[in-house]
Each structure stands twice: as C-alpha cells, then as structure tokens.
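Chain by chain, the residues run as shown.
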Amino acid sequence: MQYYSTSHHSPNVDFREAAIKGQAPDKGLYFPQSIPQIDPSLLRDIESTDDADIAFQVIRPFVGNSIPDEVLFSIAKESISFPIPLVDLGNGYHSLELFHGPTLAFKDVGARFMSRCLGYFLKENTKKVTVLVATSGDTGGAVANGFFGVEGVEVVILYPSGKVSPVQEKQLTTLGGNIRALEIDGSFDDCQAMVKQAFMDPQLNDSLFLTSANSINVARWLPQQFYYLLAYKQWKDKSNPPVISVPSGNFGNICAGLMAHAGGLPVRHFLAACNVNDVVTRYLATEKYEPLKAIATLSNAMDVGEPSNFIRIQEIFGHRFNDLAATLSSYTVTDAETLDTISQVETVYHYTPDPHGAVAFHALEVYRRQFPDAAGIFLETAHPVKFPDAIEQATGRQVPVPESLTGVMSAQKKSTLLKPSFDELKQFLLA
Ligand SMILES: *Cc1c(COP(=O)(O)O)cnc(C)c1O
C-alpha cells in the first residue's frame, strides 16, 4: 500500500515510511492510495472468527509488505489483548467499553500497535528515535505504556502542570526507563507549541531523529478500526446495523470508524459527538470550516479547536459534502448536558459513563428522538476514574479506584519541571 500526502507536495511512501515519519514533509497527513475492501466472508462469519484474526485481516492490506504476516499477526493480537465488550444497557443503548487496556483509555489500542510497529522497523537502526509528544491527559499515558521498554525508542512527554488528573499524571510519570516526562509550567497549547517548534528546529533534527505519536501517525490511526469490527461481531441484530456515536476531539477515532465503513463494515449512521469545541458540528450545518481556539470543558480530551484528522474524513468522501453529510451527523453537547447525562444514565441504566462517553450518549439520545427505530452504540473511550471530579460533580459520589490502578497510584512520580519555553526543551533534548 502506498500513502500520499493530503497536501500533495511530498512523494508517496509505504506504510513503514509513513509510520516512521509521522507527518509528511509538506505538513500534509498520509492517506492510503486506495481504500481496501473487507472480505465479505469475514463480515458474514465474524461471530465465529477470533478477535486477533479479525484485526489482522483488517489491517493487513494497509501494511502491505512492510511487516511479515506472522509478525503483523502478533502485533495486531497484542494491541487488543484485553476485553472490548459491547455492554447492552437496554432500550437500544449499547456501550462499547474501550477502557480495559493498561491505561484505561481507547488510545491504548493505537499506541500499542504503533509502538510495536516502530520497534520492528527500528530493530536494525543504529540511531535512536525520539518520540516527542504533547498531551492533555490520555495520550501521554497510552504512549508511555505502549513504548515502555521498546528498544531503540526514547519517549519524551510534555504535559501541562496541574491540568491532568491524578491518575493520568501517575500513568505518564512513573514508568521511568526509556520514558521521560516533562511537566510544563503552562497550558496544553504551550506544550503543543513547544513540540511543534522542536519538529521544525534544524539543529535538533540534525542531532536527533524526532517523530510524533499522535493520531496523525497512520500506525496509530488505522488500528482503531479493530474495535468497530469487534463491536459489529457482538451486535445481535445484524439486519439493523447500529448507529455509532463517537466522542470526538482530533477526529482520529471516528475517522477510523468511517474508514472501516468505507471498506464495507455495516453501520447505519455515524455521530460525531463534540463538546462546545464544535468546528465540525458547525461545518455540517453551514458548510463553512472555521477553526477556533480551544475552550476548556469537562471532556477535556476533546478540547480541540482545529481537529487534525478532519482532512482525512474529507478524503474518505472525496471532498463531496453531500456524501459526507449522508453518513455523518454531528452534535454539540455542553458541560451542563454532560453532567446531566452522567447522572441520568446512572439513575436509569445503572451505568456510569465518563464525561466523554456521556457526550456520546447524549448525541445518540438526540439522534434517536428523530429516528426512534435506530439502535445505537456509544464509544466509552475512558474509564470514569480518570475524570473523578466530573463524576463527583454529577453524581455526588466518588468513583472506586479499580484494582489494576493500585500499583501505579502508589508509584513515585518522576518528572522534570520546565518553563513553557522552547529553549528549555531544546537544552533538555540535547543534554
Ligand atoms: C483522545 C480522546 C478522545 C478524542 O479522540 P479523537 O481521536 O482525538 O477524536 C475522546 N475521549 C477520550 C477519553 C480521549 O482520551
């Protein structure tokens, strides 16, 4: 499979090069030259097919000859080596629980897949690769965990001091080894700006091989298709495919679902559930795309003013607005509605969604008022314990800490405090 840049000013590359580079040199995003079709017999026999086999079959055409089949099979298998249950809440609502991975967020799937691919590609490299990533919370933990112990890769994570939750901070500061955490005395935007500047700095790029691990990278974006197929495997009424509601920030997750659908996965309709950072909701209403500065909300992993993967969604639909609008709707959900949804879902369905899952639930609820015969799935992208303040605000109760977290919560935080200045980052990286 060859990948072109969405800016059309860089040469095509194979999966290996796209995964190592991250972003195309012309600042475009890599996109596959054709959309592989899922084998109809896989969809027909999906209930009796192994999860790992489903994942392998879906990703194989995207990887092409870059990784031998037996290696790719283990990578695919390891990236979903935890339960991904579809929980029936009743009344046509289903939660796809994507939070059973090591850092309790859906980003584990993509981060595990990407880290193992890079580990394979860099086995014979003499020069170390430095993965540099800015996080507002979940990305850092998933990337740290995914890359921990991968040879030939150093990871440096920048996070805004005091602005990630206690669980998130522990997950990205306690591993040590090849993972280093930088606590930035500033905002997430400061972290992001420092990382961007590092990628453009000639002196840094001369002495280090820098790459990023956000959903711009094809090796993190594409494996997210896995769980859309696993949801379909568990979907009982195959004659009435689900509406799928995805809490969206950078739109990497929903873009993977749309890709699987373009490859033949039956889905009735997609909902992009946004908080008040709703560029895409407004785009679908007005056909005008107007990025804005991000506003802080309770569902903070979606506080994105300019979603990086939206261009890929446009590519999937050949930039035809009407085709896009026939498959995708988008809803804006306020913090007040998010809190109200958490409390309602708890009362009515005895289920506690995290703020992101609650945004998705709310969008699905609004959609189903208009289309009552549609049954649906909302993606539960994180465990509620990662957002304890919002849950307590909504329900008046604390979330019990799952047993799997006791180790990390008692581990020692190791991070380096830096001012929000690129020069400080540069000195740190060159030291
Ligand atoms: C990252 C994240 C999202 C947003 O996913 P995108 O792929 O950026 O749209 C939603 N929910 C949670 C919990 C996240 O960590």
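Keep in mind it's a predicted model, so treat the numbers as computed, not measured.

About the criteria used
Residues numbered from 1 in each chain as written. Predicted model: local features only at pLDDT ≥ 70, side-chain atom pairs only at ≥ 80, totals over all residues. Heavy atoms only, no water. Helix = DSSP H or I, 4+ residues; strand = E, 2+ residues; numbered from the N terminus. Rg over C-alpha atoms; globule rule 2.2 N^0.38 Å. Buried < 20%, exposed > 50% of the residue type's maximum accessible area, 1.4 Å probe, protein only. Pairing = 2+ DSSP bridges. Right-handed = clockwise from strand over helix to strand, strands pointing away. Axes fitted to C-alpha atoms, helices over the stretch in contact; angles between N-to-C directions. Contact = heavy atoms within 4.5 Å. Near = heavy atom within 4 Å. Polar contact = N/O pair within 3.5 Å; in protein donor to acceptor, adjacent residues only side chain to side chain. Areas by Shrake-Rupley, 256 points an atom, 1.4 Å probe, with all protein chains shown as cover. Nonpolar A, V, L, I, M, F, W, Y, C, P; charged D, E, K, R; others polar. Expected span 1.5 Å × (residues − 1). Core = buried A, V, L, I, M, F, W, Y, C linked by side-chain atoms within 4.5 Å. Phe/Tyr/Trp six-rings, centres within 6.5 Å; stacked < 30°, edge-to-face > 60°. Lys NZ or Arg CZ within 6 Å of the ring centre and 35° of its normal. 1 Å grid on protein atoms, 1.4 Å probe; cavity = no way out; pocket = protein on both sides within 12 Å on 5 of 7 lines; lining within 4 Å. Points joined across faces, edges and corners; volume = space filled by probe spheres on them.

Visitor: Requested: an account of the overall build of the protein chain, with residues and values cited.
Guide: Counting its secondary structure elements, the protein chain contains 20 helices and 14 strands. A compact globule built from 431 residues should have a C-alpha radius of gyration of about 22 Å, and the protein chain, at 20 Å, falls within 12% of that. Across its three principal axes, the protein chain shows a C-alpha extent of roughly 60 × 50 × 45 Å. Here the protein chain holds 431 residues, and the buried ones make up 58% of them.

Visitor: Which residues make up the pairing of strand E11 (residues 269-274), and what are the values?
Guide: Summarising burial for E11: 6 of the 6 residues are buried, a large majority. With burial as the criterion, each face of E11 is covered, one bearing His269, Leu271 and Ala273 and the other bearing Phe270, Ala272 and Cys274. Here strand E10 (residues 243-247) runs beside E11; their pairing, made up of 5 bridges, is parallel. Note that in E11 the partner of valine 246 across the bridge is alanine 272. Pairing between E11 and strand E12 (residues 328-332): 5 bridges, direction parallel. Bridge pairing in E12 places cysteine 274 opposite threonine 332.

Visitor: Now, about the pairing of strand E8 (residues 179-184): what can you tell me, with residues and values included?
Guide: Burial within E8 is extensive, with 5 of its 6 residues counted as buried. The parallel pair strand E7 (residues 153-160) and E8, bridged by helix H7 (residues 166-173), forms a crossover whose chirality is right-handed. In the sheet, E8 pairs with strand E14 (residues 416-418) via 3 bridges, with the strands oriented parallel. For glutamate 183, the partnering residue across the bridge sits in E14 and is leucine 417.

Visitor: Any details on the sheet that holds strand E6 (residues 129-134)? Residues and values, ideally.
Guide: Across the sheet, which stays open at both edges, the 5 strands sit in the order E9-E6-E7-E8-E14 with parallel pairing between neighbours. Both edges of this open sheet fall to strand E9 (209-211) and E14, since each of them pairs with a single strand only. For this sheet, the mean inter-axis angle between neighbouring strands, taken without regard to orientation, is 25°. Against the sheet, helix H6 (residues 138-147) touches E6, E7 and E8, its axis set at about 165° to E7. Sheet contacts for helix H20 (residues 422-430): E6, E7, E8 and E14; angle to E14, the most-contacted strand, approximately 145°.

Visitor: Help me get a handle on the site of the ligand, residues and values and all.
Guide: Taken together, 15 residues form the shell around the ligand, and within it Lys107, Asp138, Gly249, Asn250 and Thr381 come nearest. One nitrogen or oxygen atom from the side chain of lysine 107 is found 2.5 Å from an oxygen atom belonging to the ligand. Here an oxygen atom of the ligand and a backbone polar atom of asparagine 250 are 2.8 Å apart. Relative to its unbound accessible area of 390 Å², the ligand is 96% covered by the protein chains. Its residues assigned to classes, the shell around the ligand comprises 6 nonpolar, 7 polar and 2 charged.

Visitor: Lay out helix H5 (residues 107-121) with the relevant residues and their values.
Guide: In an α-helix, one full turn covers 3.6 residues, which means residues spaced three or four apart are oriented alike. Counted at 1.5 Å a residue, the expected span for H5 with its 15 residues is 21 Å, and the 21 Å between its end C-alpha atoms agrees. Here H5 lies mainly inside the structure; 13 of its 15 residues are buried.

Visitor: Before we move on, can you summarise the nonpolar core with the specific residues and values?
Guide: Among the nonpolar cores identified, the biggest contains 94 residues, and Phe15, Phe147 and Leu229 are the most heavily contacted of them. Beyond its immediate chain neighbours, meaning those up to four positions away, phenylalanine 147 contacts Met114, Ser115, Leu118, Val131, Val153, Val155, Asn178, Ile179 and Ala213. One finds Phe99, Ala273, Val333 and Phe361 within the second-largest nonpolar core, a separate group that totals 20 residues.

Visitor: Describe the packing of aromatic side chains, with residues and values.
Guide: A full pass over the atoms with the stated rule returns 20 aromatic pairs. Their ring planes at 65° and their centres at 5.7 Å tell us that tyrosine 93 and tyrosine 349 sit as a pair that is edge-to-face. Pair noted here: tyrosine 93 is in strand E5 (residues 93-97) and tyrosine 349 is in helix H16 (residues 335-349), with a separation of 256 residues, a long-range link. Given a relative accessible area of 6%, tyrosine 93 falls into the buried group. When the ring of tyrosine 93 is compared with that of phenylalanine 361, the centres are 4.4 Å apart and the planes differ by 25°; the resulting orientation is stacked. Pair noted here: tyrosine 93 is in strand E5 and phenylalanine 361 is in helix H17 (residues 355-370), with a separation of 268 residues, a long-range link. Overall, the relative accessible area of 2% leaves phenylalanine 361 in the buried class. Clustering of aromatic rings is evident, with ring pairs tying together Tyr93, Tyr349, Tyr351, Phe361 and Phe378. Of note, arginine 312 hangs over the ring of tryptophan 221, and the distance from its end group to the ring centre comes to 4.2 Å. When the ring centre of tyrosine 93 is taken as reference, the NZ or CZ atom of arginine 368 above it lies at 4.5 Å.

Visitor: Give me the sheet that holds strand E13 (residues 376-380): which residues, what numbers.
Guide: Taken together, 6 strands build an open sheet; the order of strands is E4-E5-E13-E10-E11-E12 and the sheet is mixed. Where the open sheet ends on each side, the last strands, each with one partner, are strand E4 (86-90) and E12. On average, each strand axis in the sheet is tilted by 25° relative to the strand beside it, whichever way the strands run. Of the strands in this sheet, E10, E11, E12 and E13 are in contact with helix H12 (residues 252-262), which crosses E11 at around 175°.

Visitor: Tell me about the layout of surface pockets, and name the residues and values.
Guide: In this structure, the second largest pocket encloses a volume near 210 Å³. Around the second largest pocket, the lining comprises 13 residues; the ones closest to its centre are Ser165, Asn300, Lys386, Phe387 and Asp389. Residue classes in the lining of the second largest pocket are distributed as 6 nonpolar, 4 polar and 3 charged.

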